[in-house]
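Now for the letters of each chain:
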Amino acid sequence: QKEVEQNSGPLSVPEGAIASLNCTYSDRGSQSFFWYRQYSGKSPELIMFIYSNGDKEDGRFTAQLNKASQYVSLLIRDSQPSDSATYLCAAKNTGGFKTIFGAGTRLFVKA
Amino acid sequence: KAGVTQTPRYLIKTRGQQVTLSCSPISGHRSVSWYQQTPGQGLQFLFEYFSETQRNKGNFPGRFSGRQFSNSRSEMNVSTLELGDSALYLCATLTRVRNIQYFGAGTRLSVL
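Read on for a plain summary of the structure. (Residues numbered from 1 in each chain as written. Chains lettered and ligands numbered in written order. Predicted model: local features only at pLDDT ≥ 70, side-chain atom pairs only at ≥ 80, totals over all residues. Heavy atoms only, no water.)

Considerations on the nonpolar core
Most often, soluble globular proteins keep nonpolar side chains buried together rather than apart.
Residue and element names in this part refer to chain A.
(1) Moving on: One finds Phe33, Trp35, Val72, Leu74, Ile76, Tyr87 and Leu107 to be the most contacted residues of the largest nonpolar core, which totals 23 residues.
(2) Moving on: When residues of this core are traced back to their parent elements, those giving at least two are β3 (19-25), β4 (30-38), β5 (45-50), β7 (61-66), β8 (71-76), β9 (85-93) and β11 (105-110).
(3) Moving on: With sequence-adjacent residues up to four places away left out, Ile76 is seen in contact with Ala17, Ile18, Ala19, Leu21, Arg60, Phe61, Asp83, Tyr87 and Leu107. (Core = buried A, V, L, I, M, F, W, Y, C linked by side-chain atoms within 4.5 Å. Buried < 20%, exposed > 50% of the residue type's maximum accessible area, 1.4 Å probe, protein only. Helix = DSSP H or I, 4+ residues; strand = E, 2+ residues; numbered from the N terminus. Contact = heavy atoms within 4.5 Å.)

In structure tokens, the structure reads:
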């Protein structure tokens, strides 16, 4: 079973701190990786996608990919209470048509 | 550009009934995937349709079915509803470039 694993949390950080969310995947054929944010009762919205090893930055968000370690992470700098949500990691194999989602990590940012 | 549209937003049904959910993809997107989301199981893949053909299927019983029309709109049907079918049903469409999925707002189904 090809899986994406995330710590369910909750992860609690104070406002202004860096939140670090981690994800591992089992399918070495995975080529594309995504981070979605989901507020309670809402649908997932895309935050970042990454395909190449290394870091990708977009505003306060940085995605990191290490294919050798099969590890993806999301850093949120200057965390705000509005960042409190569940963050879903997802992986897609270029040869397949399924996107596999992790169970999500709940993040709480305390004001 | 309009996003992914799901209707209805909320549904209340009783056990044994059937239900049909609809998803209209972003214009130009030909792939539609369906997911079931529950607090205990997370986001579970149901199936994907591309150009009116089911391209991939998850591990759900045959009571869950779908189809896609020539305009890429998709419907999902659940027959003989069970209490455990209560969930948020999400559809997502896929960009042709970069294979990014965008989700609709979802249909929240409650089975009583």
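That was the structure; now back to the text.
Structural notes on the interface of chain B and chain A
(1) Moving on: Listed as interface residues are 20 residues of chain B and, on the opposing side, 16 residues of chain A.
(2) Moving on: Carbon and sulfur atoms supply 58% of the area buried between chain B and chain A, which totals about 1600 Å² over both sides.
(3) Moving on: Ranking the residues of chain B by area buried against chain A places B:Leu43, B:Arg98 and B:Phe103 at the top, with a combined share of 26%.
(4) Moving on: Our count for the contact surface shared by chain B and chain A stands at zero salt bridges. (Buried area = accessible area lost by both parts, 1.4 Å probe. Salt bridge = Lys/Arg side-chain N within 4 Å of Asp/Glu carboxyl O.)

Concerning the side chain of B:Ser33
All names here are of chain B.
(1) Moving on: On the secondary structure map, Ser33 appears in strand β4 (residues 31-38).
(2) Moving on: You can call Ser33 buried: its relative accessible area is 2%.
(3) Moving on: Reaching out from Ser33, the side chain makes a polar contact with the side chain of Gln101 at a distance of 3.4 Å.
(4) Moving on: Sequence-distant contacts of Ser33, defined by excluding residues within four places in its chain, comprise Phe45, Phe47, Glu48, Leu90, Cys91, Ala92 and Gln101. (Polar contact = N/O pair within 3.5 Å; in protein donor to acceptor, adjacent residues only side chain to side chain.)

Topic: the sheet that holds strand β6 (residues 54-58) of chain A
Residues and elements named next belong to chain A.
(1) Moving on: In space, the five strands of this open sheet follow the order β1-β3-β8-β7-β6, with antiparallel pairing throughout. Edge strands, defined here as strands with exactly one partner in the open sheet, are β1 (4-6) and β6. Going from strand to strand, the sheet's axes swing by 20° on average, the running direction of each strand aside. (Pairing = 2+ DSSP bridges. Axes fitted to C-alpha atoms, helices over the stretch in contact; angles between N-to-C directions.)

Looking at the packing of aromatic side chains
(1) Moving on: Summed over the entire model, instances satisfying the criterion amount to eleven aromatic pairs over all chains.
(2) Moving on: Residues A:Phe34 and A:Tyr51 carry aromatic rings whose centres are separated by 6.4 Å and whose planes lie at 90° to one another, so their mutual orientation is edge-to-face. Placement of A:Phe34 in strand β4 and of A:Tyr51 in the loop between β5 and β6 is noted, with a sequence separation of 17 residues between them.
(3) Moving on: A residue is classified by how much of its surface remains accessible, and A:Phe34, at 2% relative accessible area, is buried.
(4) Moving on: Ring geometry for B:Tyr35 versus B:Phe45: centroids 5.7 Å apart, planes at 70°, classification edge-to-face. Of this pair, B:Tyr35 sits in strand β4 while B:Phe45 is found in strand β5 (residues 42-50), placing the two residues ten residues apart along the sequence.
(5) Moving on: The exposure class of B:Tyr35 is buried, given its relative accessible area of 1%.
(6) Moving on: Relative accessible area serves as the criterion here: at 10%, B:Phe45 is assigned to the buried category.
(7) Moving on: The side chain of A:Arg60 reaches across the aromatic face of A:Phe61, ending 5.5 Å from its centre.
(8) Moving on: Positioned above the aromatic ring of B:Phe50, the side-chain terminus of B:Arg55 is 4.3 Å from the ring centre. (Phe/Tyr/Trp six-rings, centres within 6.5 Å; stacked < 30°, edge-to-face > 60°. Lys NZ or Arg CZ within 6 Å of the ring centre and 35° of its normal.)

What about the environment of B:Gln54?
Residue and element names in this part refer to chain B.
(1) Moving on: As for its position among the elements, Gln54 is in strand β6 (residues 53-57).
(2) Moving on: With 28 residues separating them in the primary sequence, Gln54 and Glu82 have C-alpha atoms 24 Å apart.
(3) Moving on: Those residues within four positions of Gln54 in sequence are excluded, and the remaining contacts are Phe47, Glu48 and Tyr49.
(4) Moving on: Side chain to side chain, Gln54 and Tyr49 meet in a polar contact 3.0 Å long.

Examining unusual backbone geometry
(1) Moving on: At the junction of A:Gly9 and A:Pro10, the peptide bond is cis and its omega measures out at 10° in the coordinates.
(2) Moving on: Following the sequence through the fold, A:Pro10 ends up in the loop between β1 and β2 (11-14).
(3) Moving on: In this structure, the amide linkage connecting B:Thr7 to the following residue, B:Pro8, adopts the cis form with an omega of -10°.
(4) Moving on: Summarising the element assignment, B:Pro8 is placed in the loop between β1 (5-7) and β2 (10-13).
(5) Moving on: The backbone of A:Asp78 sits at a positive phi, close to 50°, despite the residue not being glycine.
(6) Moving on: Looking at the secondary structure, you find A:Asp78 in the loop between β8 and β9.

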